[in-house]
Amino acid sequence: MSVKIRKVGNSNTLTVPNSIKPMAKEYDVFQGRDGVIVFSPKRNNPFHNEDFIKTHDLTQKEEFGGPSVGKEILDD
């Protein structure tokens with residue numbers, strides 16, 4: 001299946017064929033270096049959401065437990 005770009009006002013338009021059922025109402029669009037055009041459903045970034053930030057502890061903890069010392073001893 002292929003589509004052609006149409007000029008609508010000052011914009012270029014790609015139509016979505018009926019066989020493709022959109023899963024979102026809004027999409028982000030990107031163009032790759034090789035000319036590929038990608039439409040991806042727009043999603044909220046939780047790290048820019050004030051309510052999410054207020055209700056989550058985003059501090060990083062040590063993986064192996066204990067306090068961070070910062071004076072690691074390297075084995076030979």
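Our subject is the structure that appears above.
Analysis parameters
- Residues numbered from 1 in each chain as written.
- Predicted model: local features only at pLDDT ≥ 70, side-chain atom pairs only at ≥ 80, totals over all residues.
- Heavy atoms only, no water.
- Helix = DSSP H or I, 4+ residues; strand = E, 2+ residues; numbered from the N terminus.
- Contact = heavy atoms within 4.5 Å.
- Areas by Shrake-Rupley, 256 points an atom, 1.4 Å probe, with all protein chains shown as cover.
- Pairing = 2+ DSSP bridges.
- Salt bridge = Lys/Arg side-chain N within 4 Å of Asp/Glu carboxyl O.
- Phe/Tyr/Trp six-rings, centres within 6.5 Å; stacked < 30°, edge-to-face > 60°.
- Buried < 20%, exposed > 50% of the residue type's maximum accessible area, 1.4 Å probe, protein only.
- 1 Å grid on protein atoms, 1.4 Å probe; cavity = no way out; pocket = protein on both sides within 12 Å on 5 of 7 lines; lining within 4 Å.
- Points joined across faces, edges and corners; volume = space filled by probe spheres on them.
- Nonpolar A, V, L, I, M, F, W, Y, C, P; charged D, E, K, R; others polar.
- Patch = residues over 30% accessible without salt bridge, like charges linked within 9 Å, V, L, I, M, F, W, Y side chains within 5 Å.

Caption draft 1: Geometry of the overall build of the chain. A count of helical and extended segments in the chain gives one helix and four strands. Its helices and strands in sequence order give the chain the pattern β-β-β-β-α, from N to C terminus. Across the chain, contacts joining residues at least 24 apart in sequence account for 2% of those joining residues at least 6 apart. In the structure as shown, the chain presents an accessible area of about 8,100 Å², 53% of it carried by carbon and sulfur atoms.

Caption draft 2: Region of the structure containing the pairing of strand β3 (residues 27-31). Where β3 lies against strand β4 (residues 37-41), five bridges are found, and the strand directions are antiparallel. Its bridge partner lying in β4, Val-29 is registered against Phe-39. In this antiparallel pair of consecutive strands, β3 and β4, the connection spans five residues, and Gly-35 shows a positive phi of 95 degrees.

Caption draft 3: How the structure looks around the pattern of salt bridges. Inspection of every chain in the model, using the stated rule, returns one salt bridge. One salt bridge connects Asp-28 with Lys-42, and the closest N-O pair in it is separated by 3.2 Å. With Asp-28 in strand β3 and Lys-42 in the loop between β4 and α1 (50-55), this pair connects stretches of sequence that are 14 residues apart.

Caption draft 4: Quick peek at the packing of aromatic side chains. All told, the structure shown has one aromatic pair when counted by the stated rule. Their ring planes at 85 degrees and their centres at 5.9 Å tell us that Phe-47 and Phe-52 sit as a pair that is edge-to-face. Among the residues examined, Phe-52 registers a relative accessible area of 23% and is labelled partly exposed.

Caption draft 5: Main features of the layout of surface pockets. Roughly 480 Å³ of internal volume is contained in the largest pocket. Together, 15 residues line the largest pocket, and Leu-14, Thr-15, Val-16, Ile-37 and Phe-39 are the ones closest to its centre. Only β2 (11-13) and β4 provide two or more residues apiece to the lining of the largest pocket. The residue makeup of the lining of the largest pocket, split by class, is eleven nonpolar, four polar and no charged.

Caption draft 6: Main features of a nonpolar patch on the surface. Together, Val-3, Ile-5, Leu-14, Met-23, Tyr-27, Val-29, Ile-37 and Phe-39 line one region of the surface with nonpolar side chains, adding up to about 780 Å² of accessible area. Listed by contribution, the elements that provide at least two residues to the nonpolar patch are β3 and β4. The topology assignment puts Tyr-27 in strand β3. Taking the relative accessible area as the measure of exposure, Tyr-27 reaches 32% and is therefore partly exposed.

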